[in-house]
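Chains, contacts and geometry: an overview
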Amino acid sequence: MELLLEPMAVLRILCGVWFLPHCMGKMRNIGPASVTFAKAGFHPARLFVITTIVVELVAGAGLVLNIYPRLAAALAVWVLLGASYAVIKINGWNWRWQKQGPEFMVFWAAVCVLSTLD
């Protein structure tokens with residue numbers, strides 16, 4: 001049986017698709033998201049939320065549709081490292097996600113990059 005998609009293409013697509021719920025949460029809750037961004041020191045918070053939504057949508061679409069995938073991965077890394085910084089700033093240095101740490105976002109950023117390498 002032959003695979004229709006290369007495993008790395010599937011991984012790249014999944015990396016992009018995962019941004020949809022990430023964006024939806026912010027889009028449905030711009031006010032509370034703005035409070036969180038402000039706690040992390042991102043000002044003006046609402047502008048940062050909206051910019052993050054746009055960048056996540058562009059990065060996700062680029063990864064899913066294979067449009068400038070390396071640029072899309074770079075945008076994804078930028079957003080995910082910013083989120084990692086925010087989590088550390090708000091919650092302190094806790095590595096594990098169970099303690100609201102950044103390890104999932106760091107892993108996701110690394111996989112975004114790896115999925116675009118030939």
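Before any of the text, the structure's been laid out above.
Here's what I pulled together on the structure shown here. Model, not experiment: these values are computed from the prediction.

Cut-offs and rules
Residues numbered from 1 in each chain as written. Predicted model: local features only at pLDDT ≥ 70, side-chain atom pairs only at ≥ 80, totals over all residues. Heavy atoms only, no water. Phe/Tyr/Trp six-rings, centres within 6.5 Å; stacked < 30°, edge-to-face > 60°. Salt bridge = Lys/Arg side-chain N within 4 Å of Asp/Glu carboxyl O. Helix = DSSP H or I, 4+ residues; strand = E, 2+ residues; numbered from the N terminus. Axes fitted to C-alpha atoms, helices over the stretch in contact; angles between N-to-C directions. Parallel < 35°, antiparallel > 145°, perpendicular 65-115°, else oblique. Left-handed = near helix turned anticlockwise from the far one by under 90°. Contact = heavy atoms within 4.5 Å. Nonpolar A, V, L, I, M, F, W, Y, C, P; charged D, E, K, R; others polar.

**Section: the packing of aromatic side chains**
Scanning the entire structure with this criterion turns up 5 aromatic pairs. Measuring from ring centre to ring centre gives 5.2 Å for Phe-42 and Phe-48, while their planes differ by 35°; the resulting arrangement is tilted. Among the aromatic residues, those joined into a ring-pair cluster are Phe-37, Phe-42, Phe-48 and Tyr-85.

**Side note on the pattern of salt bridges**
By the definition in use, this model includes 1 salt bridge. In this structure, Glu-56 and Lys-26 form a salt bridge, with 3.1 Å as the shortest nitrogen-oxygen distance. One end of the pair, Glu-56, is in helix 4 (residues 45-65); the other, Lys-26, is in helix 2 (residues 19-28), with 30 residues separating them in the sequence.

**A closer look at the packing of helix 1 (residues 7-17) against helix 6 (residues 103-114)**
With their axes 9 Å apart at the nearest point, helix 1 and helix 6 run at an angle of 135° to one another. By the angle between their directions, the pair helix 1 and helix 6 is classed as oblique. For the pair helix 1 and helix 6, the sense of crossing is left-handed. For the pair formed by helix 1 and helix 6, the contact residues are Met-8, Leu-11 and Cys-15 on the first element and Trp-108, Val-111, Cys-112 and Leu-114 on the second. Classifying every residue of the contact of helix 1 with helix 6 gives 7 nonpolar, no polar and no charged.

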